[in-house]
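The primary structure of each chain is shown beneath.
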Amino acid sequence: MNNLNHCISIFTGHIPPSKEMFLKLENAFLLANCYEIIEIVSQKPNIEVELRGWAKLKGHLYLGREILKKQFSYKIQKITKNTFTSQSSWNKKMEGIDQSNPKLKDLNLSEEILQKAPIDNGLLTRGIVTQEGSPEYDFELSHKELIWSEPVSILYEEGKNLQWNATTDIAWNEIPTLNPILEKAICQIMTYLVENEFSALYIPGKFISKINPYYMEIPLFLSSLMNDEARHIEVFTKRANANGGGFQYSSEVTQRSLYSLFKEEDYIKSSFLLHVMGEGTFVDLLSFLEKHMPDDTTKKIIKLAKRDEMRHVAYGMEHVKSAIAQNPNRINTLKNTAFKRKEFMDEINSESSLVLESLAILAGGSDSPIDYKKGFDLLEELKITMNKNRIKRLINIGMDEDLANDISKSHTPNFM
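Residues numbered from 1 in each chain as written. Predicted model: local features only at pLDDT ≥ 70, side-chain atom pairs only at ≥ 80, totals over all residues. Heavy atoms only, no water.

(A) Geometry of the overall build of the protein chain. Scanning the protein chain from N- to C-terminus turns up 13 helices and four strands. For 416 residues, the compact-globule estimate of 2.2 N^0.38 gives 22 Å, and the protein chain exceeds it by more than 25% at 30 Å. Each principal axis of the C-alpha atoms in the protein chain carries an extent, and together these give about 105 × 50 × 35 Å. Burial statistics for the protein chain: of 416 residues in total, 48% are counted as buried. Sequence separation of 24 or more characterises 79% of the internal contacts of the protein chain that already satisfy a separation of 6 or more. Accessible surface, the protein chain: about 20600 Å² in total, of which carbon and sulfur atoms supply 53%. If the 50 positive side-chain charges of the protein chain are averaged to one point and the 56 negative ones to another, these points end up 6 Å apart. (Helix = DSSP H or I, 4+ residues; strand = E, 2+ residues; numbered from the N terminus. Rg over C-alpha atoms; globule rule 2.2 N^0.38 Å. Buried < 20%, exposed > 50% of the residue type's maximum accessible area, 1.4 Å probe, protein only. Contact = heavy atoms within 4.5 Å. Areas by Shrake-Rupley, 256 points an atom, 1.4 Å probe, with all protein chains shown as cover. Lys, Arg positive; Asp, Glu negative; His and termini not counted. Charge placed at Lys NZ, Arg CZ, Asp CG, Glu CD.)

(B) A negative patch on the surface, seen in detail. The grouping of Glu136, Asp138, Glu140 and Asp266 at the surface amounts to a negative patch. Checked against the element boundaries, Asp138 lands in the loop between strand E4 (72-77) and helix H3 (144-147). (Patch = residues over 30% accessible without salt bridge, like charges linked within 9 Å, V, L, I, M, F, W, Y side chains within 5 Å. Salt bridge = Lys/Arg side-chain N within 4 Å of Asp/Glu carboxyl O.)

(C) Examining unusual backbone geometry more closely. The backbone phi angle of Lys70 is positive, close to 65°, even though this residue is not glycine. Secondary-structure assignment places Lys70 in the loop between strand E3 (61-67) and E4. Classification of Lys70 by relative accessible area gives exposed; the value is 72%. Residue Phe415 is not a glycine yet carries a positive backbone phi of 75°. Examined against the element boundaries, Phe415 turns out to sit in the segment after helix H13 (401-409). When its relative accessible area of 5% is taken as the criterion, Phe415 is described as buried.

(D) Main features of the environment of Gln326. On the secondary structure map, Gln326 appears in helix H9 (residues 296-326). The spacing of Gln326 and Ile113 is 213 residues in sequence and 16 Å in space, taken between C-alpha atoms. If we ignore the near neighbours within four places in the chain, the residues touching Gln326 are Gln115 and Glu145. A polar side-chain atom of Gln326 sits 3.0 Å from a polar atom in the side chain of Ser322. (Polar contact = N/O pair within 3.5 Å; in protein donor to acceptor, adjacent residues only side chain to side chain.)

(E) Structural context of the side chain of Thr12. Take Thr12: it is sitting in strand E1 (residues 8-13). On the basis of relative accessibility, which here comes to 3%, the residue Thr12 falls in the buried class. Thr12 has contacts with Met21, Ile40, Val41 and Ser42, leaving out every residue within four places of it along the chain.

(F) Region of the structure containing the sheet that holds E4. With mixed pairing, four strands are arranged side by side in an open sheet as E1-E2-E4-E3. In this open sheet, the two strands that pair with only one neighbour each are E1 and E3. Taking the axes of each pair of neighbouring strands and ignoring which way they run, one obtains an average angle of 20° across the sheet. Both E3 and E4 contribute to a ladder of six bridges, which runs antiparallel. Looking at E4, one finds that Tyr62 is bridged to Ile76. Running at roughly 175° to E1, helix H1 (residues 19-31) makes contact with E1, strand E2 (37-42) and E4 of the sheet. (Pairing = 2+ DSSP bridges. Axes fitted to C-alpha atoms, helices over the stretch in contact; angles between N-to-C directions.)

(G) View of the pattern of salt bridges. Using the criterion set out here, one finds 21 salt bridges in the structure. A salt bridge links Asp228 to Arg311; its shortest N-O distance comes to 3.0 Å. Separated by 83 residues along the polypeptide, Asp228 in helix H6 (residues 217-242) and Arg311 in helix H9 bring together distant segments of the chain. Side by side, Asp228 and Arg311 carry an identical accessibility label, which is buried.

(H) Here's a closer look at the packing of H6 against H9. At a minimum axis separation of 10 Å, H6 and H9 run at an interaxial angle of 160°. Classified by the angle their axes make, H6 and H9 are roughly antiparallel. When the axes of H6 and H9 are compared, the crossing they make is left-handed. Along the contact surface, H6 presents Ile218, Phe221, Leu222, Leu225, Asp228, Glu229, Arg231, His232, Val235, Phe236 and Arg239, while H9 presents Thr298, Ile301, Ile302, Ala305, Asp308, Glu309, Arg311, His312 and Tyr315. Along the lines of polarity and charge, the residues of the contact of H6 with H9 split into ten nonpolar, three polar and seven charged. (Parallel < 35°, antiparallel > 145°, perpendicular 65-115°, else oblique. Left-handed = near helix turned anticlockwise from the far one by under 90°. Nonpolar A, V, L, I, M, F, W, Y, C, P; charged D, E, K, R; others polar.)

(I) Summary view of the pairing of E4. Counting buried positions along E4 yields six of six residues, so the element is predominantly enclosed. Both faces of E4 are covered, namely the face carrying Phe72, Tyr74 and Ile76 and the face carrying Ser73, Lys75 and Gln77. Two elements, E2 and E4, share six bridges in a ladder whose sense is antiparallel. Across the sheet, residue Ile38 finds its bridge partner in E4, namely Ile76. In textbook terms, the turn of a hairpin is the stretch between consecutive antiparallel strands, and for E3 and E4 this stretch comprises four residues, one of which, Lys70, has a positive phi near 65°.

(J) Summary view of H1. For H1, with 13 residues, the first-to-last C-alpha span of 18 Å sits near the 18 Å given by 1.5 Å per residue. Buried within H1 we find Met21, Leu25, Ala28 and Phe29. Relative to the axis of H1, the buried residues are bounded by an arc of 95° and lie together on one face. Of the exposed residues in H1, the ones pointing more than 90 degrees away from its buried face are Lys19 and Leu23. Where the residues of H1 are buried, they touch E1, E2, helix H2 (48-58) and E4. (Expected span 1.5 Å × (residues − 1). Arc of directions from axis to C-beta.)

Structure representation (structure tokens):
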């Protein structure tokens, strides 16, 4: 047993034995170490009976009273065991999401991010001390290598700084009245974009509740990503409606492609298919749309959405790259995942003809035979560009060139 020098003093003044006094005592003893002595300094001379009774009720040892100058010192020793898993330390900041705060940059008391989250980590994050008896959530994604992407805090900050409003930041009244054929093509494209954005919204939503919040940067970033996708759905919907055309048609191949993404239950595989393969290709499509849209307002819509999507791709690239670096065998797993998706898509072996025709009309500027042929040729060039850029991304995450080429060629004709 430690010596009987008190470690903690509580000043209660004229507060009588009451709920407010015993609340202060309860919390002081709750956070004290076993065998620590707590001194209650009071201006009340006769509260020994109440303090002795409270100590006995709580399993502590009442040590007695001393008379001080105009005050009284009552000492109680904590006997019961600690119920918190560790002791907190004042000024101990959490490593990660708060790195941009200039007030915290000089503090060097952060703790290392563990490779596996503590088993008792519930709906809380690093640095919060848990009490015994708290429920164990058993989060499926509790290993750092399954979810982590090193620049995630930077990407999260970027996402906050680059937020935009689909209502107020777009000059909707400046969209010109277009040729009905061209407007219909744009409405079909917007319909297609909305479909794909719903997949990019719902798929991360499937995984957020599975991620241990010990790694809080990831669910926070994914939440910002979902906010981006919600805004894209909103802005593409508004553009489809802007000139009265509205939504058009959804093809079987588009929905099968998106379903093959949605049904994936492994987070690394999902990140690979969605962010690296899908959204990476989607960025190339948005660049194509930005280049060929006939008006500045719609170009701006596409440009802003593309900026967001590039951030999502950056997360997925580093996530999958890190996962492969820690376990190179994952390359084979991801290869099989891509080919399995191709087999599923090969059951119908087609492209979304309505979308392709709309893209050709957009790129050519009209549906006249000459313009349509020109637009179709540009679309074929886009597919070549998409393939080249997919190969580059696959090599970047750790695959050799031959395998990257094979996986890229297996990618869905839906682009996403």
